[in-house]
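Chain residues, written in single-letter form:
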Amino acid sequence: MTQVDTAETGQEGAGRRDTGIGVWRARLRRTLRIATRPGPWKRGLVLAASALLLGLLMLLHAQITDRGGLGSLVETFLPWFGLFVPVLLAGALWRRSASAVAALLLPVTVWLSLFGGLLGDKSHPGSDLTVAGHNVDADNPDPVGTARDLAVSKADVLALEEITPQAKPLYEKGLAKAYPYHTVQGTVGLWSKLPLSDTRPVDIKMDYGPLADTKPADVKLSYNRALRTTVSTDQGPLAVYVAHLGSVRVFPRNGFWTDSRDRGAKALAEAVAAEPNQRVVLLGDLNGTTDDRAFAGITSRLHSVQDAAGDGFGFSWPAKFPVARIDQILVRGVQPQSSWVLPATGSDHLPVAAGISW
């Protein structure tokens, strides 16, 4: 019995020693894991790098190559890059990464410096003249209804783009009562409550090259996409340009194709630069945003009413879910008081309007 008790006691002692060693080893492993675990500044380094790249992309967007239209494509949708910020922030909080949160300060600061001014309402009550512009869409299924909607917009000057020969008499009839003065030059037109004079088409190089020079004037006018006229106001003459620049396309091989639009933007900038009247309004579908480098020649001379007196971004296209403001109202020599987007019509664009004062 004595021997058995001794053996059992020895086994119990060994078990206690083994248990103590196991606990010690477990504690050691836990301590090593804690010691080697990345701290908050070392976690989420990929997220931090992504945040920095996002900020640099927005900050240096003008330096992005425009090969294949890449630069223009980025600048067209530049405001939407801000949506990546909350996504990266959610990832940073999930990873508990202090470095990623700190890195997000760069894109947030850059985005606010670029677009923060558009978040508030900068409009002012009252104006001397209301102007509006609308790409009515060549495939508009209801031009009569569109004309009716625009007639009650209370705009003093109304510019239309993409007018087809078939729809032209419908717009003329539908707008005749509200606007006693109008001119149509090719596919663009201007309706006004005030007299018009010195009206002429503006060549924005939609058709160029040796063959274009051989075409008769009436043939060129049939597809003309820009005009210039003078609106007589109580405060003096106002030069008004209406333009519909070339479309842009996305091709798998060629990328973002903007050649026609960019050529037209340059020609339009030259026309505006040569304009002797100090008061100028440009209304039109430019097929691009004012952030796009292609319009530097225009935006250096004219200013966006939406930037100066709008509420929000004023997106105008596509009508069902607007993601970009490609329908512009740009001015010089007048004071923008307000800028807004009108309700949808039968077009794939939304009409835009602005109040201006002298």
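As a reminder, the structure under discussion sits directly above these lines.
Computed from a predicted model, the values in this text were never measured in an experiment.

With that settled, the discussion passes to the overall build of the protein. A count of helices and strands for the protein gives 13 helices and 14 strands. Pairs at least 24 apart in sequence give 71% of the contacts found in the protein among residues at least 6 apart. Carbon together with sulfur atoms contributes 60% to the accessible area of the protein, which is approximately 18800 Å² in total.

What follows covers unusual backbone geometry. The linkage connecting W317 with the following residue, P318, adopts the cis geometry, with an omega of -10°. Looking at where P318 falls in the secondary structure, it is placed in the loop between α13 (305-309) and β12 (327-332). You will see that K205, though not glycine, has its phi angle at about 60°, which is positive. Here K205 lies in the loop between β5 (196-201) and α9 (210-213). Of the residues examined, K205 reaches a relative accessible area of 34% and is grouped as partly exposed. A positive phi angle is found at N287, which is not glycine, with a value near 55°. By the secondary structure assignment, N287 is in the loop between β10 (280-285) and α12 (296-299).

We now examine the packing of helix α2 (residues 45-59) against helix α6 (residues 105-115). Contact pair α2 / α6: the axes reach a minimum separation of 7 Å and the direction vectors enclose 25°. With respect to their mutual orientation, α2 and α6 come out roughly parallel. Here the hand of the crossing between α2 and α6 comes out left-handed. Counting all contacts with α2, which are made through A51, L52, L54, G55, L56, M58 and L59, the residues of α6 involved are L106, P107, V110, W111 and L114. A per-class count over the contact of α2 with α6 returns 11 nonpolar, 1 polar and no charged.

On to α6, then. The set of residues buried in α6 consists of P107, V110, W111 and F115. All buried residues of α6 project into a common sector of 100° when viewed along the axis, lining one side. Away from its buried face, by an angle of more than 90 degrees, α6 presents the exposed residues L105, T109 and S113. In the core, the buried residues of α6 are packed alongside α2, α4 (84-95) and α5 (98-103).

On to the pattern of salt bridges, then. All told, the structure shown has 7 salt bridges when counted by the stated rule. For E75, the salt bridge is made with R293, and the minimal N-O distance between the two is 3.1 Å. One end of the pair, E75, is in helix α3 (residues 70-76); the other, R293, is in the loop between β10 and α12, and 218 residues separate them in sequence. When its relative accessible area of 27% is taken as the criterion, R293 is described as partly exposed. Among the ionic pairs, D198 bridges to R228, the shortest N-O distance being 3.1 Å. Of this pair, D198 sits in strand β5 while R228 sits in strand β6 (residues 226-233), placing them 30 residues apart in sequence. Among the residues examined, D198 registers a relative accessible area of 46% and is labelled partly exposed. On the accessibility criterion, R228 (4% relative accessible area) is buried. Each of the salt bridges in this network shares a partner with another, and the network as a whole consists of D198, R200, R228 and E275.

Attention now goes to the side chain of S357. Assignment of secondary structure puts S357 in strand β14 (residues 352-357). A distance of 3.4 Å separates the side chain of S357 from the backbone nitrogen of D128, its partner in a polar contact. When residues no more than four places from it in sequence are discounted, the contact partners of S357 are G126, S127, D128, V334, Q335 and Q337.

Attention now moves to the pairing of strand β4 (residues 188-192). For a regular strand, side chains alternate in direction, first toward one face of the sheet and then toward the other. Most of β4 is tucked away: 5 of the 5 residues are buried. Alternating positions in β4 separate into two faces, V188, L190 and S192 on one and G189 and W191 on the other, with burial throughout. As paired elements, strand β2 (residues 157-161) and β4 share 5 bridges and run antiparallel to each other. Within the sheet, the bridge partner assigned to L158 lies in β4 and is W191. Pairing analysis gives 5 bridges linking strand β3 (residues 181-185) to β4, with the strands arranged antiparallel. Its bridge partner lying in β4, Q185 is registered against V188.

For R228, the side chain forms a polar contact with the side chain of D198, separated by 3.1 Å. Engagement of the side chain of R228 in a polar contact is seen with the side chain of T230, the distance being 2.6 Å. Residues contacting R228, with those up to four places away along its chain left out, are S197, D198, T199, R200, V202, A239, V240, Y241 and E275.

Let's shift gears to the packing of aromatic side chains. Applying the stated criterion across every chain yields a total of 6 aromatic pairs. With a centroid separation of 5.7 Å and an interplanar angle of 25°, the aromatic rings of W80 and F315 are classed as stacked. Here F315 lies in the loop between α13 and β12 and W80 lies in the loop between α3 and α4, a separation of 235 residues in the sequence. A relative accessible area of 29% places W80 in the partly exposed class. For the ring pair F81 and F84, a centre distance of 6.1 Å and an interplane angle of 50° mean the geometry is tilted. Relative accessible area serves as the criterion here: at 46%, F84 is assigned to the partly exposed category. Members of the aromatic cluster, connected to one another through ring pairs, are W80, W111, F115, F313 and F315.

Procedures and definitions
- Residues numbered from 1 in each chain as written.
- Predicted model: local features only at pLDDT ≥ 70, side-chain atom pairs only at ≥ 80, totals over all residues.
- Heavy atoms only, no water.
- Helix = DSSP H or I, 4+ residues; strand = E, 2+ residues; numbered from the N terminus.
- Contact = heavy atoms within 4.5 Å.
- Areas by Shrake-Rupley, 256 points an atom, 1.4 Å probe, with all protein chains shown as cover.
- Buried < 20%, exposed > 50% of the residue type's maximum accessible area, 1.4 Å probe, protein only.
- Axes fitted to C-alpha atoms, helices over the stretch in contact; angles between N-to-C directions.
- Parallel < 35°, antiparallel > 145°, perpendicular 65-115°, else oblique.
- Left-handed = near helix turned anticlockwise from the far one by under 90°.
- Nonpolar A, V, L, I, M, F, W, Y, C, P; charged D, E, K, R; others polar.
- Arc of directions from axis to C-beta.
- Salt bridge = Lys/Arg side-chain N within 4 Å of Asp/Glu carboxyl O.
- Polar contact = N/O pair within 3.5 Å; in protein donor to acceptor, adjacent residues only side chain to side chain.
- Pairing = 2+ DSSP bridges.
- Phe/Tyr/Trp six-rings, centres within 6.5 Å; stacked < 30°, edge-to-face > 60°.

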